Amino acid sequence: MTEFLIYSKRCFLVNFFTEATIHVKNHKIYNIYKGYHKIENVPFLDYKNLIVMPGIIDVHVHINEPGREDWEGFDTATKAAAIGGITTLIEMPLNASPVTTDLRAFQLKQETSKDKLHVNCGFYGGIIPTNINDIEDLINEGVFGIKGFLTHSGIDEFPNVSKIDLEAIAPILKKYNIPLLLHCELTDDNVPEVTNSKSYKEYLQSRPQHWETNAIDLAIDIQKRFDIKVHIVHLSASEGIERIKQRQQETNKLTVETCPHYLYFNAEAIPDESPVYKCAPPIRERTNNDKLWDFLLDDGFNFLASDHSPAPPERKQLESGDFFKAWGGISGLQFTLPILFSEGKRRGLSTEKLILLLTKKPAEFLSLDYKKGSLIVDFDADITVWDDSQRFQITENSIHHKHKATPYLNETVFGKVIHTFVNGVQVVENSKLKTLQQGKLLLKDR
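Presented here is an overview of the structure given in this document. Predicted model only: the values in this text are computed from it and were never measured. (Residues numbered from 1 in each chain as written. Predicted model: local features only at pLDDT ≥ 70, side-chain atom pairs only at ≥ 80, totals over all residues. Heavy atoms only, no water.)

1. Brief notes about the state of the cysteines
At step 1: Across all of its chains, the model carries zero disulfides by this definition.
At step 2: Cys279 provides the cysteine sulfur closest to Cys259, a residue in no disulfide bond, and the two sulfurs are 8.0 Å apart.
At step 3: Its relative accessible area of 0% is what places Cys259 among the buried residues. (Disulfide = S-S within 2.5 Å. Buried < 20%, exposed > 50% of the residue type's maximum accessible area, 1.4 Å probe, protein only.)

Structure below.
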């Protein structure tokens, strides 16, 4: 079916809901008609009152292939994405083996993804202390940004960078107008000694807010001096908000995201011996998360992203319960929409604003907003259809990731994805996978 019509009373067109019929033809949005509009011999999909919106774009995903497919891989990650209404994702440079820090590794990653992409997928390159001469090659090959860590990444082959390394690559990033994405934690010895490695409180205290704010200060300094695009990934420390706000009033080149887990969970509710909740930076206290929500409702975050970072149960130390030995990463790619919608409803976040934070805004960040992120004629027909009234429980059976361990297990949420279209092909029908391998490899236009 390369030509069909999608009708709903609630199509999300240019920032608001309206009754419309979307004409899809040859993988693109061919036309949009006001109201209910049938055409002879063209299949008509009547979605009544379901929300029809652009496909979700997740700009922060760890897939771990090649080399660590036992953690996840392109096949399971992009199936889970499709089930969750995500039609485009951008994959991070670490956790694969080899890490994506030179041209050969990047080409290998592209090769490995062949015939396994059920949604569209692009990539970032990585900066480590030894690959400054590889950055230009990665950019020319089509990465969407360059990612670096200011603290140990958890992967030895992907060591953290210093201010000197960032200063060295800044002119290259400036030349190509490519963003620098930074994991903002700057470690120091100013933390309490660990007495119980199974205590969440102790894990939280081991990664204090000032680690994040010191790193944010460094990120802002680099952004200012070199006038480059700098993106702060997964903000968890509310103490970083004011300095980000201040700089954002002066430039549009500093951007920031946060993730569903920082908005949905809080430290007080995390039991000891439960490293399924472990991530870095950590999930902080309720008062901190309230401030993240205030910032979000005040249009502070440029977009939201999952930071999906899965690992096998033994790497997550699910049996031992040891927070300090466990891999730090939350598995949750599939549940971004219902988690944010459910908590957002409670907090007064409008559905319109949430949709923009998951579609148009990330498309703008990636400079893909000329063809993705909105329901506009001639745009790619990446479309998500969901039921905002449907309540459901997240069960092991419903999880399409390689591993079922996620802190979202057994949560009851609103907002079920019913249908997903990738490049004008229905890949999910009635919340089940229908057509596979419809995703395209995305390379940044040079």
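2. Topic: the layout of surface pockets
A water-sized probe rolled over the atoms picks out the places where empty space is left.
At step 1: For the largest pocket, the calculated volume is near 470 Å³.
At step 2: As for the largest pocket, its lining consists of 29 residues, of which Ser153, Gly154, Arg207, Ala280 and Gly328 are closest to the centre.
At step 3: In the lining of the largest pocket, the residues fall into nine nonpolar, 14 polar and six charged.
At step 4: Considering only enclosed or pocket space, the second largest pocket measures out at about 380 Å³ in volume.
At step 5: Around the second largest pocket sit 20 residues that line it, and Thr255, Asn302, Phe303, Lys361 and Glu364 are the ones nearest its centre. (1 Å grid on protein atoms, 1.4 Å probe; cavity = no way out; pocket = protein on both sides within 12 Å on 5 of 7 lines; lining within 4 Å. Points joined across faces, edges and corners; volume = space filled by probe spheres on them. Nonpolar A, V, L, I, M, F, W, Y, C, P; charged D, E, K, R; others polar.)

3. What about the nonpolar core?
At step 1: Residues Ile139, Ile146, Leu173 and Leu180 are the most contacted members of the largest nonpolar core, which totals 95 residues.
At step 2: Not counting the four nearest positions on each side in its chain, Ile146 is found in contact with Gly125, Gly126, Ile127, Ile135, Ile139, Ile169, Leu173, Ile178, Pro179, Leu180 and Leu181.
At step 3: Trp71, Tyr124, Ile155 and Ala311 belong to the second largest nonpolar core, which has 24 residues in total. (Core = buried A, V, L, I, M, F, W, Y, C linked by side-chain atoms within 4.5 Å. Contact = heavy atoms within 4.5 Å.)

4. Examining the sheet that holds strand S9 (residues 125-126)
At step 1: Within the open sheet, the six strands sit side by side as S9-S10-S11-S12-S13-S14. Their pairing is parallel. Edge positions in the open sheet fall to S9 and strand S14 (303-304), since each of these has one partner strand only.
At step 2: Summarising the sheet, strand S12 (residues 230-232) and strand S13 (residues 254-258) pair through three bridges and their orientation is parallel. Across the sheet, residue His231 finds its bridge partner in S13, namely Thr255.
At step 3: Of the strands in this sheet, strand S10 (146-149) and strand S11 (180-183) touch helix H4 (residues 163-176), which is tilted by about 150° from S11.
At step 4: With respect to the sheet, helix H7 (residues 241-248) is in contact with S12 and S13, its orientation differing from that of S13 by roughly 145°. (Pairing = 2+ DSSP bridges. Helix = DSSP H or I, 4+ residues; strand = E, 2+ residues; numbered from the N terminus. Axes fitted to C-alpha atoms, helices over the stretch in contact; angles between N-to-C directions.)

5. Description of the packing of H4 against helix H6 (residues 209-226)
At step 1: Between H4 and H6, whose axes approach to 10 Å, the crossing angle comes to 40°. Of the possible angle classes, the one that applies to H4 and H6 is oblique. The chirality of how H4 crosses H6 is right-handed. Side by side, H4 and H6 meet where Lys163, Leu166, Glu167, Ala170, Pro171 and Lys174 of the first sit next to Leu218, Asp221, Ile222, Arg225 and Phe226 of the second.
At step 2: Within the contact of H4 with H6, the residues separate by chemical class into six nonpolar, no polar and five charged. (Parallel < 35°, antiparallel > 145°, perpendicular 65-115°, else oblique. Left-handed = near helix turned anticlockwise from the far one by under 90°.)

6. Comments concerning the side chain of Asn131
At step 1: In this structure, Asn131 sits in the loop between S9 and helix H3 (135-141).
At step 2: A distance of 2.9 Å separates the side chain of Asn131 from the backbone nitrogen of Ile128, its partner in a polar contact.
At step 3: Discounting chain neighbours no more than four positions away, the residues touching Asn131 are Thr101, Gly126 and Leu138. (Polar contact = N/O pair within 3.5 Å; in protein donor to acceptor, adjacent residues only side chain to side chain.)

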